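Commentary on secondary and tertiary structure
Next come the chains, spelled out residue by residue.
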Amino acid sequence: MSNEQIKNLEEIFEARIARDEKIEPKDWMPEKYRKTHIRQMSQHAHSEIVGMLPEGNWISRAPSLRRKAALLAKVQDEAGHGLYLYSACETLGISRNELYEQLHSGKAKYSSIFNYPTVTWADMGAVGWLVDGAAIINQVPLCNTSFGPYARAMVRVCKEESFHQRQGFEIMHKLCNGSQEQKDMAQDALNRWWWPSLMMLGPTDAESIHTEQSMKWKLKRKSNDDLRQQFIDQTVPQADILGLTIPDPDLKFNEETGSYDFGEINWDEFWQVVKGHGPCNKQRMKARVSAWENGEWVRDAAMAHADKKEARKLKEAI
Amino acid sequence: MSKNWPLWEIFVRSKNGLEHRHFGSLHASDAEMALENARDVYTRRSEGVSIWVVKSSNVTASNPEHNGELFEPAQDKVYRHPTFYDLPDEVKHM
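Description of the structure in this document. (Residues numbered from 1 in each chain as written. Chains lettered and ligands numbered in written order. Predicted model: local features only at pLDDT ≥ 70, side-chain atom pairs only at ≥ 80, totals over all residues. Heavy atoms only, no water.)

1. Some thoughts on the overall build of chain A
Rule in force here: Helix and strand definitions follow DSSP, with helices as H or I runs of at least four residues and strands as E runs of at least two, each counted in order from the N terminus. Radius of gyration means the value over C-alpha atoms here, while the globule rule gives 2.2 Å times the residue count to the 0.38 power. Whether two residues touch is decided by their heavy atoms; if any such pair falls within 4.5 Å, the residues are in contact. Accessible surface area values rest on a Shrake-Rupley calculation with a 1.4 Å probe, where residue burial reflects the displayed protein chains alone. In this charge count, Lys and Arg are treated as positive and Asp and Glu as negative; neither His nor the chain ends contribute. Throughout, a charge is located at the NZ atom of Lys, the CZ atom of Arg, the CG atom of Asp or the CD atom of Glu.
Check the secondary structure of chain A and you find 13 helices and two strands. In terms of overall dimensions, chain A is globule-like: its C-alpha atoms have a radius of gyration of 22 Å, near the 20 Å expected for 318 residues. If you take every contact in chain A between residues at least 6 apart in sequence, the share linking residues at least 24 apart comes to 77%. For chain A, the exposed area adds up to about 15900 Å²; of that, 54% sits on carbon and sulfur atoms. Here chain A contributes 42 positive and 45 negative side-chain charges, whose respective centroids are spaced 7 Å apart.

Listed below in structure tokens is the structure:
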């Protein structure tokens, strides 16, 4: 195909997106669009699967049956979300094996938030309330993204995500209205999860390399800084209801802007964690790689069994 | 004999639904596992009363690049639509 032909196709393509038409897997698309979507969707999927680990940690120690059942259901949902996203990603011409290889080798990233440890039961509250809260802010706009399978997956995910945040907030609320020890545990969890949750919305606009192209393709409708501000503005009143203090001495409501001014984010910490030096990076990777390697015999046995069943059926038919 | 699990497309009909709709895909070693996995991942909130699983390799899709020619026959047949027909205003139930 000549450069001119490609340019023409690209113009038609961009016009379709501008008209809010959905791009489907078999449609012509620029190679860059395909690669960017594979990158973003796969990293989103990896995040869901790795995200099961910090919360899975507390299933066996949930304080009541209600809490255990809810947490189990949430973690199951995360597995499901990973599946929706892997499925959507695979429509772009990449196999699940390849996607796992990218994750296990470190070639593909996952959300840095999951490299932090969950050290108390209150962390389950903080994670549901803050981490899922930030995720929802990222995910709702994606329901209108240009790539059809991604948008449809996001609609499903968003429907399920709201229980996740409520579950977390309910845990925090119970603790904050309990004993002093429980209240302190909740405050401690907030202290540890607040700043990493802000970092979840991504680097500042100036440092974000993918933003411009992503906006054109409706992969992103608002900038990282705008989403971060939205998260802060909606969460601070929720902390007030809990009677907890956000660990930011510079946090202050600005009458003029109608928003909260907030303190400096420690971006060094963010980049360190992204580069693999967070508290749990190695642990998370080890868990995922082990699960894949130790599960190999199960996958092979299932296929051998399926093949035997098929052969038996054929033999009986003859 | 491939050790990789094949990919299956999942279609679910909801309680109030008239037809099966495409919900997504999953990997499974055979049709029975595909059904059970589909039940586990796509109907956790009672979304469906019926599940179809189809090996992705068995799905044939039209090529969107040929949409123009493929769907052309219907374009100039407006008389297939009820609005094409003129009726006096007084006519009821039609």
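2. A look at unusual backbone geometry
For clarity, the cut-off: Partly exposed describes any residue whose relative accessible area lies between the buried limit of under 20% and the exposed limit of over 50%, with all areas from a 1.4 Å probe on protein chains only and scaled to the type maximum.
Even without being glycine, Lys218(A) reaches a positive phi, approximately 60°. Locating Lys218(A) in the fold gives a position in the loop between helix H9 (211-216) and helix H10 (224-242). The buried category is assigned to Lys218(A), whose relative accessible area is 14%. The residue His93(B) is not glycine, and still its phi comes out positive at about 60°. Topologically, His93(B) is positioned in the segment after helix H2 (67-75). Classification of His93(B) as exposed rests on a relative accessible area of 83%.

3. Section: the environment of Ala135(A)
Residues and elements named next belong to chain A. Among the structural elements, Ala135 can be located in helix H6 (residues 122-142). Judged by relative accessible area, which is 14%, Ala135 ranks as buried. With 23 residues separating them along the chain, Ala135 and Cys158 place their C-alpha atoms 9.3 Å apart.

4. Let's talk about a nonpolar patch on the surface
Note the cut-off: Here the term patch refers to residues with relative accessible area over 30% and no salt bridge, with like charges joined within 9 Å and nonpolar side chains (Val, Leu, Ile, Met, Phe, Trp, Tyr) within 5 Å. Salt bridges are defined by distance alone: a side-chain nitrogen of Lys or Arg within 4 Å of a carboxyl oxygen of Asp or Glu.
Taken together, Val78(B), Tyr79(B), Phe84(B) and Tyr85(B) make up a surface patch of nonpolar side chains, about 420 Å² in accessible area. Locating Tyr85(B) in the fold gives a position in the segment after H2.

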